[in-house]
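Fold and geometry: a report
The chain contents come next:
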Amino acid sequence: MSPKKAKKKAESGSSNVFSMFEQSQIQEFKEAFTIMDQNRDGFIDKDDLRGTFAALGRLNVKGEELDEMIKEAPAALNFTIFLTMFGEKLKGTDPEETILNAFKIFDPEGKGTVQQDYIKDMLRTQADRFTEEECTQMFTAFPPDVAGNLDYKNLCYVITHGEDKDQE
């Protein structure tokens, strides 16, 4: 392929948000979008976000917080806009930060820990559900403290940097 054709193909591919992801990733994003689009109208709005947070156990989300999330979208939040926003967020994102942000949803007080029973329930009932064996493996590798709290900051560090902080 000539350099001119390669450049043209790259330019055309970058304008299509669906070319940014593998088919399996698009399917996962579609499943997430469908879960969030609670009224099934093809758009995620403030009420859909409130319902999504409620399903995750966070009932005290402020309207202003939801408004700010909705304002991040350049237009009505349909699947294409949703996918575009994920592409922009994931581009150049530190994987550790991404994982930490996912856990922070379950830690509104910012303690750096989540209750073992709560996170296990979420992992077994939401999105890509964990099996009992997968939960057991996770808590064996990352045991909670005596109060039953999982240190997710340490978990995220180990996932992204390897087993031991002292071995660097």
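Reading the values: rules and limits
- Residues numbered from 1 in each chain as written.
- Predicted model: local features only at pLDDT ≥ 70, side-chain atom pairs only at ≥ 80, totals over all residues.
- Heavy atoms only, no water.
- Helix = DSSP H or I, 4+ residues; strand = E, 2+ residues; numbered from the N terminus.
- Buried < 20%, exposed > 50% of the residue type's maximum accessible area, 1.4 Å probe, protein only.
- Contact = heavy atoms within 4.5 Å.
- UniProt positions renumbered as here; feature names shortened; annotations may be inferred.
- Polar contact = N/O pair within 3.5 Å; in protein donor to acceptor, adjacent residues only side chain to side chain.

The next thing to look at is the overall build of the protein. On a plain count of helices and strands, the protein comes out with nine helices and two strands. Counting helices and strands in the order they occur from the N terminus, the protein gives α-α-α-α-α-α-β-α-α-β-α. Residues classed as buried in the protein amount to 28% of the 168 residues present. Look at the contacts in the protein between residues 6 or more apart in sequence, and 53% of them connect residues 24 or more apart.

Those places that UniProt annotates as "domain: EF-hand" (unreviewed entry) correspond, in this numbering, to residues 24–59 and 94–129. For the annotated span residues 24–59, helix accounts for 64% and strand for 0% of the residues, and the straight-line distance between the end C-alpha atoms is 31 Å.

This part covers the environment of Gln38. Checked against the element boundaries, Gln38 lands in the loop between α2 (23–36) and α3 (46–55). The class for Gln38 is partly exposed, based on a relative accessible area of 39%. Sequence separation of Gln38 and Thr52 is 14 residues, and the distance between their C-alpha atoms is 7.7 Å. A polar contact of 3.5 Å, which involves the side chain of Gln38, links it to the backbone oxygen of Gly51.

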